Amino acid sequence: MTASPAYVSPNYDARPDGMQIDMIVLHYTGMESAEVALERLCDPTASVSAHYLIEEDGRLHRLVDDRFRAWHAGVSFWQGLSGVNGCSIGIELVNRGHEFGYRAFPDAQMVALEALVSVLMAKYQIAPSRVVGHSDVAPTRKQDPGELFDWNRFAALGVGLAVPVGGEFTDETPIDDHSELMGLLRQIGYDLEVPQAALGAFQRHFRPAMINGIVDQGTLAAARFVAQQVAQEMA
Ligand SMILES: [Zn+2]
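Residues numbered from 1 in each chain as written. Predicted model: local features only at pLDDT ≥ 70, side-chain atom pairs only at ≥ 80, totals over all residues. Heavy atoms only, no water.

Let's shift gears to the side chain of H27. Relative to the helices and strands, H27 resides in strand 3 (residues 23–28). Assessed through its relative accessible area of 1%, H27 is described here as buried. Ignoring any residue separated from it by four or fewer positions in sequence, one finds H27 in contact with H72, A73, G90, I91, E92, L93, H134, D144 and P145. (Helix = DSSP H or I, 4+ residues; strand = E, 2+ residues; numbered from the N terminus. Buried < 20%, exposed > 50% of the residue type's maximum accessible area, 1.4 Å probe, protein only. Contact = heavy atoms within 4.5 Å.)

Written out as C-alpha cells, the structure is:
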C-alpha cells in the first residue's frame, strides 16, 4: 500500500492524554471531485481533515499521521464517549454524496479501503463494532457514508458489523413499544438524545434497503442481532 505524498493536512492537534486509537470512522467527501475535497481537507482555514482519503480508483492519500487527532467527526458520540476524534482514525471516501449525486462505491475503492481498515484494526486492536459510519456517531447531522456503502461486504471480511440481508429483518410490522429497541441501540453505541435520528442512523447502516424511520419487527430483529455481536466482542 503506497500513499501519495502530494497532499498533507495541517488540520490536526494532539490526541488527549492517555487516549488510545480504538475506533475508525468512515466518511464520504460529499464534494464535486477528489481534488476539491483534498484541497479543502488540506486548507488551513477550513479546520477539517481526515487521516486518509481514498479515491474512487483506489488511490490512497495519507493526510494526517495516525498519532495525531484529525478533525473529521465533529460533535459525536459512540459507546459512552463524546468527541470520538480523540480516539479514532478518520477515513474519507471520495463520493459526491447526497448533495451532488450519490453513487455506489467502486470495487477498486472498496478493495483499498478493506486493505487499509484491516491493517489499522490489527495494528490498534480495534473491534468490529468500533468501525462505524459518520452517521452512526453524529446521527442528527450526518448521513455518510450512507446507504450505498456495502457493510455486508465489509462484515464478511471481519472489518465491521452488518446484518444479513432479507428474512426476518425485512418485516415491516410496526411496534408500539419502542423501549426494547431503544435499549438495544444504546447498547450498540448510539446516542439516544434524538431517538428518531438514532433509529434512522441504525437503519442506514444495518438495514440500508429499507430506511423507513419506523420501529418495526425487522428493525428490532436487526438490533438484537447487532447487540448480540457487540456483547460477544465485549465478553
Ligand atoms: Zn463525514
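Now, onward.
Moving on: the domain arrangement of the protein chain. Think of interface size as the accessible area that goes away when the parts come together; that is how it is often given. Assigned domains within the protein chain: domain 1 (6–162) and domain 2 (165–235). Computed from C-alpha atoms alone, the centre-to-centre distance between domain 1 and domain 2 is 23 Å. Counting from both sides, the interface comprises 19 residues of domain 1 and, opposite them, 20 residues of domain 2. When the two sides are added together, the surface that domain 1 and domain 2 hide from each other amounts to roughly 1700 Å², 60% of it contributed by carbon and sulfur. Sorting the residues of domain 1 by area buried against domain 2 places P139, E147 and L161 first, and these three jointly supply 30% of that buried surface. One can count one salt bridge joining domain 1 with domain 2. (Domains from an automatic or database assignment. Buried area = accessible area lost by both parts, 1.4 Å probe. Salt bridge = Lys/Arg side-chain N within 4 Å of Asp/Glu carboxyl O.)

What follows concerns helix 7 (residues 195–206). Taking 1.5 Å of rise per residue, the 12 residues of helix 7 would be expected to cover 16 Å, and the 16 Å separating its terminal C-alpha atoms lies within 8% of that figure. The buried count for helix 7 comes to 10 of 12 residues, which makes it a mostly enclosed element. Residues of helix 7 that are buried: A197, A198, L199, G200, A201, F202, Q203, R204, H205 and F206. Close packing links the buried residues of helix 7 with helix 2 (97–100), strand 10 (131–133), helix 4 (134–137), helix 5 (151–156), helix 6 (179–188) and helix 8 (217–234). (Expected span 1.5 Å × (residues − 1).)

Okay, the pairing of strand 3 next. Counting buried residues along strand 3, six of its six residues qualify, which places the element largely inside the surrounding structure. Judged by which residues are buried, strand 3 turns out to be covered on both faces: M23, V25 and H27 on one side and I24, L26 and Y28 on the other are all buried. Sheet topology note: the strand 3/strand 9 (residues 88–93) ladder contains six bridges and is parallel. From the neighbouring strand, Y28 faces strand 9, where its bridge partner is L93. (Pairing = 2+ DSSP bridges.)

Turning next to the packing of aromatic side chains. Enumeration over the complete set of coordinates arrives at 11 aromatic pairs. Seen in terms of ring centroids, Y190 and F202 are 6.2 Å apart; in terms of plane orientation they differ by 75°. Their pairing is edge-to-face. Separated by 12 residues along the polypeptide, Y190 in the loop between helix 6 and helix 7 and F202 in helix 7 bring together distant segments of the chain. Like Y190, the residue F202 is buried in the burial classification. Joined through ring pairs, the aromatic side chains of Y28, Y102, F105, F149, W151 and F154 make up one cluster. (Phe/Tyr/Trp six-rings, centres within 6.5 Å; stacked < 30°, edge-to-face > 60°.)

Quick look at the coordination of the zinc ion now. Around the zinc ion, the protein contributes the donor atoms H27 (ND1), H134 (ND1) and D144 (OD), at 2.1 Å from the metal centre. Read in sequence order, the donor residues for the zinc ion give the motif H-x106-H-x9-D. Of the two residues, H27 is situated in strand 3 and D144 in the loop between helix 4 and helix 5; the sequence distance between them amounts to 117 residues. Residue D144 is classed as buried on the basis of its relative accessible area, which comes to 5%. (Donors = N, O, S within 2.8 Å, 3.2 Å for Na, K, Ca; no water.)

With that settled, consider the environment of L148. In this fold, L148 is placed in the loop between helix 4 and helix 5. L148 gets classed as partly exposed once you look at its relative accessible area, which sits at 38%. Taking the C-alpha atoms as reference points, L148 and L192, separated by 44 residues in sequence, lie 24 Å from one another. In contact with L148, other than residues within four places in its own chain, are Y102, R103, A104 and F105.

Now for unusual backbone geometry. In the segment running from D144 into P145, the intervening peptide bond is cis, with an omega of 0°. Assignment of secondary structure puts P145 in the loop between helix 4 and helix 5. Of note in the backbone geometry, Q79 takes a positive phi value of approximately 45° without being a glycine. Structurally, Q79 is set in the loop between strand 7 (77–78) and strand 8 (81–82). Overall, Q79 belongs to the partly exposed group, its relative accessible area being 22%. Although it is not a glycine, Q125 adopts a positive phi angle of roughly 55°. Structurally, the position occupied by Q125 is in the loop between helix 3 (107–124) and strand 10.

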